[in-house]
Amino acid sequence: MRRNILARTTLLSLLTITACAGAQRESTASDPRPAAATEKHEVGNVAAGLYAAHCAACHGEGRLGGMGPALLPENLARLRKGEAARVIAGGRPATQMPAFADRLNEDEIELLSGYIYEAPAEQPVWGAAEILNSRIEYPGSEYLRNKPVFEADPENLFIVVEVGDHHATVLDGDTFTPIHRFQTRFALHGGPKFSPDGRYVYFASRDGWVSKFDLWNLKVVAEIRAGINTRNVAVSADGRWVLVGNYLPHNVVLLDVEKFTLKRVIPTIGADGASSRVSAVYQAAPRDSFIVALKDAPELWEIKVSAADMKNKWVHDHRKESGDMLAVSERIDLRRIVVDGFLDEFLFDPDYRYVVGSARGGEKGQVIDLDKGEVIASVDIPGMPHLASGITWEHDGRTIIATPNLKDGLVSIIDMASWKLVKQIPTQGPGFFMRSHEKSPYAWVDVFFGPNKDKVHVIDKNTLEIVKTLQPAPGKTAAHVEFTKDGRYALLSIWDMDGAVVVYDAQTLEEVKRIPMVKPSGKYNVHNKVTLSRGTSH
Ligand code: DHE
């Protein structure tokens, strides 16, 4: 009842909103629909108008996702409607989702939060046929050279992703001069991933495009759209496969890198039969496998791809409904590991035997032993640890994890032998990214959120104390550090349209150079990535 009155009031108050004017339809005497149906239709139009005006730019036309995730019932399984309204009103910490309470009234927020749980008129389809049809191969690929077309050390290049104008810059890590800049797909997210020889770089955009870039020839070779709303990609240890994790559809997609084409679509269905989004996919190099974490099922998957033997060569052709069989050259082994609840964040130990994972809003983290295939410990990590940005190093003869926190101003230090929290280092606000290098005595952590977002802390890896706080551009967010190959310099982003990459001497912590960039988000050093440096993300 309350909702009816609300909807009616809302409708009346909203009929004047110009953004919705085009979507409204006046009721006429000849309209055959009963009044209630007409009203429901009108309310739906108002909600659609609000969505178009306030949400579509980030969450995509048709709610299919863009910069923000898809807003469809199958993607909102873990969010109750009341919570959705709270997120619209107050924003979501640690994301780009702003608060709308100053622009939308309570009724409008309620209308919108109801709207996103409605099934769309047409269910989006993105299957094998759509993926294959999307594939683009760029001309000239046959003339590519097998060695770099530039003088710079190919191992000490950085890829800098500039999200401000959707470009990437290839930066010489010795001279700190850009050697190439090119347009990327819209809204790249997550780190680009490298082939083991460092020649190819794979980028994923939030709307599902995966691009193969030849770093030696400075050329995008091919692209394919692997999903509608994608999380990230991982490259196999032998460089033959790229695995794409999707929010929508609920699946992982295996690409063959040589032809850069689809090999398999693997729906992510939990053991209980319910389908799930994918939190992220990772390469576990020492295990020669991929690790996949599911967001809506308490499971972690280990996927191994190998050459198919003759017996297992035939599978159902996923492109046809007829049940036809198809000969495949690859064999996929999938192992399910049951975990305690959902995993949104996780971090591997250096040997890739253990995974430390946590859920958004969960009280504790959990440790999964990949060899045993079970949860072996729980860890007290308060707040909202951002394990995806955690790093490890040796401290007093033991391996420790350091992780920033998306909610609280602290860095948590965990002992990897006892799985105990050994220290909390207070920071000037919640942080997003943490970095170090084997040859550096320091670990860097940003203060991404709050009034001190322009500051970056430098932590002594031995004393576990902050030794310096930098403020490279007052008022502008400073975040995300990556070291040069030799660990001598640390590069930091100023996340602003009028931004920069600031180069610091990693020993003296003095500024060396400032390179103008357009909102540079992350930067990725070839050597550190392909050698799986412990100070950076993989
Ligand atoms: Fe990210 C990496 C998840 C919001 C910028 N982010 C990752 C990874 C995951 C992740 C799982 C590791 C993937 C990889 O590199 O293969 N990010 C999430 C979220 O769940 C979250 C909180 C909500 C969401 O919108 O999905 C989120 N991330 C953001 C942002 O709002 C950031 C700051 C801006 C943006 O571009 O969207 C952002 N995330 C990044 C960056 C990396 C990343 C730059 C790569 C870090 C690296 O050094 O490897």
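Keep in mind the model is a prediction, meaning the values are calculated, not measured.

1. Structural notes on the overall build of the protein
Logical step 1: Looking only at helices and strands, the protein has eight helices and 35 strands in total.
Logical step 2: Split into buried and exposed, the 538 residues of the protein put 54% on the buried side.
Logical step 3: About 23,200 Å² of surface is accessible on the protein, with carbon and sulfur atoms providing 52% of the total.

2. A few points about the pairing of strand β33 (residues 499-505)
Logical step 1: Most of β33 sits inside the fold, with six of its seven residues counted as buried.
Logical step 2: Bridging between strand β32 (residues 489-494) and β33 involves six bridges; their strand directions are antiparallel. Looking at β33, one finds that Leu492 is bridged to Val502.
Logical step 3: In this structure, the hairpin formed by β32 and β33 is closed by a connection of four residues.
Logical step 4: Bridge count for β33 against strand β34 (residues 511-517) is six bridges, and the pairing is antiparallel. Paired with Tyr504 across the two strands is Glu511, which belongs to β34.
Logical step 5: A loop of five residues connects β33 with β34, the two strands running antiparallel in sequence, and Leu509 in this loop sits at a positive phi of about 65°.

3. Observations regarding helix α6 (residues 106-115)
Logical step 1: Among the 10 residues of α6, seven are classified as buried, and the element is accordingly described as predominantly covered.
Logical step 2: Where α6 begins, one side-chain oxygen reaches toward the backbone nitrogen of Asp107, 3.1 Å away; that side chain belongs to Asn105.

4. Considering the site of the ligand
Logical step 1: Looking at the ligand, there are 22 residues lining it, with His189, Lys193, Arg206, Arg435 and Ser537 nearest.
Logical step 2: Between the ligand and the protein, one listed contact pairs an oxygen atom with a side-chain N or O atom of Arg435 at 2.3 Å.
Logical step 3: Counted by class, the shell around the ligand contains nine nonpolar, eight polar and five charged residues.

5. Things to note about helix α5 (residues 81-90)
Logical step 1: Among the residues of α5, Ala84, Val87 and Ile88 are the ones counted as buried. The buried residues of α5 all sit within an arc of 100° when viewed along its axis, so they share a single face. More than 90 degrees from the buried face of α5, the exposed residues found are Arg86 and Gly90.
Logical step 2: Against α6 lie the buried residues of α5.
Logical step 3: Trailing α5 by a residue or two, Gly91 shows a phi angle of about 85°, which is positive.

6. Topic: the coordination of the iron atom of the ligand
Logical step 1: For the iron atom of the ligand, the protein supplies a single donor, His189 (NE2), at a distance of 2.2 Å.
Logical step 2: Residue position: His189 is located in the loop between β4 (178-183) and β5 (193-194).

7. Quick notes on the environment of Ala473
Logical step 1: Here Ala473 is to be found in the loop between β30 (466-470) and β31 (478-483).
Logical step 2: Residue Ala473 is classed as buried on the basis of its relative accessible area, which comes to 11%.
Logical step 3: Among all residues touching Ala473, those that are not within four sequence positions of it are Asp454, Ile494 and Arg514.

8. Some points on unusual backbone geometry
Logical step 1: A cis amide bond links Leu248 with the next residue in sequence, Pro249, at an omega value of -10°.
Logical step 2: Within the element layout of this structure, Pro249 appears in the loop between β10 (241-248) and β11 (251-256).
Logical step 3: The backbone of Trp419 shows a phi angle near 60°, a positive value even though the residue is not glycine.
Logical step 4: Within the fold, Trp419 resides in the loop between β25 (410-415) and β26 (421-426).

9. Comments concerning the sheet that holds strand β21 (residues 364-369)
Logical step 1: Read across the sheet, four strands follow the order β19-β20-β21-β22 without closing on themselves; strand pairing throughout is antiparallel. Here the strands that pair on one side only, and so sit at the sheet edges, are β19 (345-348) and β22 (374-380). Going across the sheet, the axis of each strand differs from the next one's by a mean of 25°, ignoring polarity.
Logical step 2: Pairing of β21 with β22 involves six bridges; the strand directions are antiparallel. Paired with Ile368 across the strands is Val375, a residue of β22.

10. Considering the nonpolar core
Side chains of nonpolar character tend, in soluble globular proteins, to be buried together.
Logical step 1: By size, the foremost hydrophobic cluster in this structure holds 24 residues, and its most contacted members are Tyr202, Val210, Val242, Val244 and Leu255.
Logical step 2: Going through the elements one at a time, α7 (128-134), β6 (200-204), β8 (219-225), β9 (229-235), β10 and β11 are the ones with two or more residues in this core.
Logical step 3: Setting aside its immediate chain neighbours within four residues, Val244 contacts Val210, Ala226, Thr230, Asn232, Val233, Asn251, Val252, Val253, Leu255 and Val281.
Logical step 4: The next biggest cluster of nonpolar side chains, apart from the first, holds 21 residues, and it includes Ala47, Ile88, Ile109 and Leu111.

11. Concerning the confidence of the model for the protein
Logical step 1: Counting all residues, the mean pLDDT for the protein is 88, and 89% of those residues have values of 70 or more.
Logical step 2: Every residue in residues 1-33 is under pLDDT 50, and counting partners more than four places away or in other chains gives 39 contacts.

12. Details of the packing of aromatic side chains
Logical step 1: Under the criterion given, the structure shown has 18 aromatic pairs.
Logical step 2: Measuring from ring centre to ring centre gives 5.7 Å for Tyr282 and Phe348, while their planes differ by 75°; the resulting arrangement is edge-to-face. Taken as a pair, Tyr282 in strand β13 (residues 278-284) and Phe348 in strand β19 lie far apart in primary sequence, 66 residues in all. Both residues of the pair, Tyr282 and Phe348, count as buried.

13. A short note on the pattern of salt bridges
Logical step 1: Counted according to the given criterion, the structure contains 30 salt bridges.
Logical step 2: Where Arg103 meets Asp102, a salt bridge forms, and the shortest distance between an N and an O atom there is 3.4 Å.
Logical step 3: By relative accessible area, Arg103 is classed as partly exposed at 47%.
Logical step 4: For Asp102, a relative accessible area of 65% gives the class exposed.
Logical step 5: A salt bridge links Arg185 to Glu223, with the nearest nitrogen and oxygen atoms 3.0 Å apart. Of this pair, Arg185 sits in the loop between β4 and β5 while Glu223 sits in strand β8; the two residues are 38 residues apart in sequence, bridging distant segments of the chain.
Logical step 6: Taken together, the salt bridges that share partners define one network made up of Arg287, Glu302, Arg335, Arg353, Asp369 and Asp371.

The rules behind each value
Residues numbered from 1 in each chain as written. Predicted model: local features only at pLDDT ≥ 70, side-chain atom pairs only at ≥ 80, totals over all residues. Heavy atoms only, no water. Helix = DSSP H or I, 4+ residues; strand = E, 2+ residues; numbered from the N terminus. Buried < 20%, exposed > 50% of the residue type's maximum accessible area, 1.4 Å probe, protein only. Areas by Shrake-Rupley, 256 points an atom, 1.4 Å probe, with all protein chains shown as cover. Pairing = 2+ DSSP bridges. Polar contact = N/O pair within 3.5 Å; in protein donor to acceptor, adjacent residues only side chain to side chain. Near = heavy atom within 4 Å. Nonpolar A, V, L, I, M, F, W, Y, C, P; charged D, E, K, R; others polar. Arc of directions from axis to C-beta. Contact = heavy atoms within 4.5 Å. Donors = N, O, S within 2.8 Å, 3.2 Å for Na, K, Ca; no water. Axes fitted to C-alpha atoms, helices over the stretch in contact; angles between N-to-C directions. Core = buried A, V, L, I, M, F, W, Y, C linked by side-chain atoms within 4.5 Å. pLDDT = per-residue confidence, 0-100. Phe/Tyr/Trp six-rings, centres within 6.5 Å; stacked < 30°, edge-to-face > 60°. Salt bridge = Lys/Arg side-chain N within 4 Å of Asp/Glu carboxyl O.

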